Amino acid sequence: MLQTIAFIGGGNMAASLIGGLIAAGHPVERLRVAEPVAERAEWLRRQFGLEVRSTAAEVVPGAGALVLAVKPQQMGEALAGLQADPGCVVISVAAGVRLARLRRALGEAAHYVRTMPNTPALIGKGITGLYAVEGTPAPARELAETVLATAGATVWLKREEDIDAVTALSGSGPAYFFLLTEALREAGEKLGLDRDTAARLALHTFAGSAQMAATEGARDVVELRSQVTSKGGTTEAAVKSLEAAGLRRSFDEALAAAANRSRELGDLLDAQS
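Residues numbered from 1 in each chain as written. Predicted model: local features only at pLDDT ≥ 70, side-chain atom pairs only at ≥ 80, totals over all residues. Heavy atoms only, no water.

Asker: Can you break down helix α11 (residues 247-272) residue by residue, with the values?
Answerer: Taking 1.5 Å per residue, 26 residues should reach 38 Å; α11 reaches 38 Å between its end C-alpha atoms and fits that length. If you check which residues of α11 are buried, you get Ala 258, Ala 259, Ser 262, Gly 266 and Leu 269. Where the residues of α11 are buried, they touch α4 (99-106), α6 (162-171) and α7 (173-190). (Helix = DSSP H or I, 4+ residues; strand = E, 2+ residues; numbered from the N terminus. Expected span 1.5 Å × (residues − 1). Buried < 20%, exposed > 50% of the residue type's maximum accessible area, 1.4 Å probe, protein only. Contact = heavy atoms within 4.5 Å.)

Encoded structure:
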């Protein structure tokens, strides 16, 4: 029998997962949401036709899976007084909230999966890193993956601390893409292109290249880059300039900064619990 899935928090990420589950055939009557903001709760009811309550205590009992989709700073308040049913699969999409804290709040009888999706999940094109402790039953892992796969690709991690690296790479990654697109657009403008033309060229170049690299059976990006980079040509001149400017070092430092901040936020949240 299909599990009842309850969501604590009805924001954009929760809505994307709910929409994905419904599109995948999960019955609406087996979905519940706790959303205290009346306007948002009404939108969820209209959008999906599902049961929306104002408090988490109204949706947790009897749930086979519990998706924690509130902001990290709100997690303590959201989970206060709750107890997950034995065997419930608790899935957190909140950055920085570690499994030990969730276990203390909801009890030892549940199974816990920590995840880090990214914003393209809102259009079903995301990628999510998932982690569960060793010994978590396969059905619990499969249920968590089923929920997150409605928003895009998934990858399992070996250690909980790997979540910090995933946060730095793919969690924050969309911002890097937008920044690079912005920089390419501005560089095109400086070469004399009008803003709209430069913007369209930059966006479609990145989007098309990403799709090309993601095509099944595609060559590694290093090989794809070499195919575009003719010896003595224009692309080689540009790539050499980027390398000389320290592009790789900049990304190393940027991701290290993001991962360090992710760890710091986790420490801060642990200190508050």
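Additional details are given in the paragraphs that follow.
Asker: If you had to explain the pattern of salt bridges to someone new, which residues and values would you point to?
Answerer: Under the definition given, this model contains 13 salt bridges. Between Arg 261 and Glu 264 there is a salt bridge whose closest N-O contact spans 3.1 Å. Pair noted here: Arg 261 and Glu 264 are both in helix α11, with a separation of three residues, about one helical turn. Overlapping salt bridges, with partners in common, bring together Arg 98, Asp 267 and Asp 270 in one network. (Salt bridge = Lys/Arg side-chain N within 4 Å of Asp/Glu carboxyl O.)

Asker: Lay out the side chain of Thr 167 with the relevant residues and their values.
Answerer: Mapped onto the elements of the fold, Thr 167 is located in helix α6. Residue class for Thr 167 comes out buried when judged on its relative accessible area of 14%. With near-sequence residues (within four places) excluded, Thr 167 lies in contact with Met 116, Ser 172 and Ser 262.

Asker: I'd like a description of a nonpolar patch on the surface, backed by residues and values.
Answerer: Together, Leu 180, Leu 242, Leu 247 and Phe 251 give the surface a local cluster of nonpolar side chains, amounting to about 310 Å² of exposed area. The topology assignment puts Leu 180 in helix α7. (Patch = residues over 30% accessible without salt bridge, like charges linked within 9 Å, V, L, I, M, F, W, Y side chains within 5 Å. Areas by Shrake-Rupley, 256 points an atom, 1.4 Å probe, with all protein chains shown as cover.)

Asker: Describe the sheet that holds strand β7 (residues 126-131), with residues and values.
Answerer: Pairing between the strands of a sheet comes from backbone hydrogen bonds, and it takes one of two forms, parallel or antiparallel. Read from one edge to the other, the open sheet built from eight strands follows the order β3-β2-β1-β4-β5-β6-β7-β8, with strand pairing classed as mixed. The strands lining the two open edges of the sheet, one partner per strand, are β3 (51-53) and β8 (152-156). Recorded for the sheet is a direction-independent mean angle of 20° between the axes of neighbouring strands. Here β7 pairs with β8 via five bridges, running parallel. The residue bridging Thr 128 from the neighbouring strand is Thr 154, located in β8. (Pairing = 2+ DSSP bridges. Axes fitted to C-alpha atoms, helices over the stretch in contact; angles between N-to-C directions.)

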